[in-house]
Amino acid sequence: MESIDAVRADLLALIEDAESLDAVEQLRIEELGKKGRITGLMRGLASLPAEERRAQGAALNVLKDEIVAALDRRRTRLEDEALDRRLVTERVDITLPPRPESAGFIHPISQTIDEVVAIFGEMGFAVAEGPDIEDDWHNFTALNIPPEHPARQEMDTFYLPGERDGHRVVLRTHTSPVQIRTMVASPPPLRIIAPGRTYRCDSDATHSPMFHQVEGLIVDEATHMGHLKGCLIDFLRAYFAVDELPVRFRPSYFPFTEPSAEVDIGCTRSAGKLEIGHGSDWLEILGCGMVNPKVLAACGIDAGRYQGFAFGMGLERITMLKYGIPDLRTFFESDLRWLRHYGFAALAIPSLVRGE
Ligand code: PHE
């Protein structure tokens, strides 16, 4: 039988000569495995007298531990050397200029929503939200638009299959159902705006089947038509950044407000160009009115005690006017060249908010 010392010397030499991690692994499998020399020596123990077997067995265990440790050391050594080589060859040159990051852009509609929220936020309005998929009670009935009302046809509603709580399911045709959800959810006083997506089955140069509105609602014991006018004039002048912007309130009709008005801003049209802020022409910009007592009652609010106003405004239109974007359809074509041209840098908003 080979002596333990001879096996030790041989194995340690082999381990020292292993030049790769693979070679070390190969040695481990061969020498510590079933067919390895150490295993062979262990097997030989059986034929030894008891006394010798004990001494020899202990010595073999020590040998085995030594070999395992030597393999580990060699492996660590090879790994360290490989890392050292990489550190030398893969040095990072930190003096190189960084590659330019391609910056994202804020979509003009998102920018407008942020501006509208900032301006009304200054006036104490909180932001409320409602679902795009509505039922016809919130979208119509509670807003004093009963099933046979012609406004239901005019709205070109998208109806969805099925029912919800016994009501037909629709894609909301305006943000006004958020008024209802707000009044049902919390008692007055209320002061909210609700920006969001709206849907009508209509598509041409000035209509998109999906578009955006912002709704406004105040309900308390004292708010009257004068507040409505002041609030919207202030908003329009702040949004268009024209101090003397002419604003006109024209009597109109909406089932959910009484009295109702449409609001126009002053503009000039010449040679096919439209300029906001001065001139003798008018451009319709939003609908508004005092909340119809029937709507308050439908939401469980005491119409003898509470009153307020509501308004609704298309966001694409005011965005097109402010930023000179000529075609509504381009908003939703997702053309990156368009977004790079009309989009906003990500940090453009905070400057709008006072004090930042
Ligand atoms: N919901 C109306 C529309 O979509 C706008 C509106 C809202 C009018 C609130 C009055 C009050 O045309």
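Residues numbered from 1 in each chain as written. Predicted model: local features only at pLDDT ≥ 70, side-chain atom pairs only at ≥ 80, totals over all residues. Heavy atoms only, no water.

K.L.:
Would you mind going over unusual backbone geometry in detail, with residue names and values included?
P.N.:
Across the junction of proline 188 and proline 189, the peptide omega takes the value 0 degrees, indicating a cis bond. With respect to the helices and strands, the residue proline 189 is situated in the loop between helix H8 (177-185) and strand S5 (190-199). For serine 334, which is not glycine, the phi torsion reads 55 degrees and is therefore positive. Checked against the element boundaries, serine 334 lands in the loop between helix H11 (315-323) and helix H12 (336-342). (Helix = DSSP H or I, 4+ residues; strand = E, 2+ residues; numbered from the N terminus.)

K.L.:
Explain the site of the ligand residue by residue, including any values.
P.N.:
Around the ligand sit 14 residues in total, of which His174, Ser176, Arg200, Gln213 and Gly312 are the nearest. Within the contact set of the ligand, a nitrogen atom lies 3.0 Å away from a side-chain nitrogen or oxygen of serine 176. Arginine 200 is positioned such that a nitrogen or oxygen atom in its side chain is 3.0 Å from an oxygen atom of the ligand. Of all the elements in the fold, those that place two or more residues in the shell around the ligand are strand S6 (210-220), strand S10 (281-291) and strand S11 (307-314). Looking at the shell around the ligand element by element, the count peaks at three residues for S11. (Near = heavy atom within 4 Å. Polar contact = N/O pair within 3.5 Å; in protein donor to acceptor, adjacent residues only side chain to side chain.)

K.L.:
Break down the domain arrangement of the chain for me, with residues and values.
P.N.:
Along its sequence, the chain is organised into domain 1 (4-89) and domain 2 (108-342). Between domain 1 and domain 2, the C-alpha centre-to-centre distance is 81 Å. (Domains from an automatic or database assignment.)

K.L.:
Break down the state of the cysteines for me, citing the residues and quoting the values.
P.N.:
Summed over the entire model, instances satisfying the criterion amount to zero disulfides. Between cysteine 231, a free cysteine, and cysteine 288, which holds the nearest cysteine sulfur, the sulfur-to-sulfur gap is 9.8 Å. Judged by relative accessible area, which is 10%, cysteine 231 ranks as buried. Not part of a disulfide, cysteine 267 finds its nearest cysteine sulfur in cysteine 288, a span of 18 Å. (Disulfide = S-S within 2.5 Å. Buried < 20%, exposed > 50% of the residue type's maximum accessible area, 1.4 Å probe, protein only.)

K.L.:
Explain the side chain of aspartate 135 to me, and be specific about the residues and the numbers.
P.N.:
With respect to the helices and strands, the residue aspartate 135 is situated in strand S2 (residues 133-135). Using a relative accessible area of 4% as the deciding quantity, one classes aspartate 135 as buried. Only 3.0 Å separates the side chain of aspartate 135 from the backbone nitrogen of tryptophan 137, close enough to count as a polar contact. Not counting residues up to four positions away in its chain, the partners in contact with aspartate 135 are Arg164, His167, Arg168, Val169, Val170 and Arg181. (Contact = heavy atoms within 4.5 Å.)

K.L.:
Tell me about the sheet that holds S2, and please be specific about residues and values.
P.N.:
Taken together, the three strands give an open sheet; going across it, the order is S2-S4-S3, and neighbouring strands pair in antiparallel fashion. Looking at which strands have only one partner, the edges of the open sheet turn out to be S2 and strand S3 (159-164). Averaged over neighbouring strand pairs, the angle between their axes works out to 35 degrees when direction is ignored. Sheet topology places S2 next to strand S4 (residues 167-171); three bridges connect them, and they run antiparallel. Paired with glutamate 134 across the bridge in S4 is valine 170. (Pairing = 2+ DSSP bridges. Axes fitted to C-alpha atoms, helices over the stretch in contact; angles between N-to-C directions.)

K.L.:
Before we move on, could you go through helix H3 (residues 37-44) and cite the residues and values that matter?
P.N.:
Considered for burial, the residues of H3 that qualify are Ile38, Leu41 and Gly44. In an axial view of H3, the angular spread of the buried residues amounts to 115 degrees, which keeps them on one side of the axis. If you follow the buried residues of H3, they end up packed against helix H1 (4-17), helix H2 (21-32) and helix H4 (50-89). (Arc of directions from axis to C-beta.)

K.L.:
Which residues make up the nonpolar core, and what values go with them?
P.N.:
Membership of the largest hydrophobic core comes to 41 residues, with the highest contact counts inside it found for Leu236, Phe240, Val263, Ile265, Ile285, Leu286 and Cys288. Top contributing element to this core by residue count: helix H9 (residues 225-240), with seven residues. Look past the residues within four positions of isoleucine 265 in its chain and what remains in contact with it is Leu236, Phe240, Leu245, Pro246, Val247, Ile276, Asp281, Trp282, Leu283 and Ile285. By size, the runner-up hydrophobic cluster in this structure holds 23 residues, among which are Ala128, Val178, Ile180 and Cys299. (Core = buried A, V, L, I, M, F, W, Y, C linked by side-chain atoms within 4.5 Å.)

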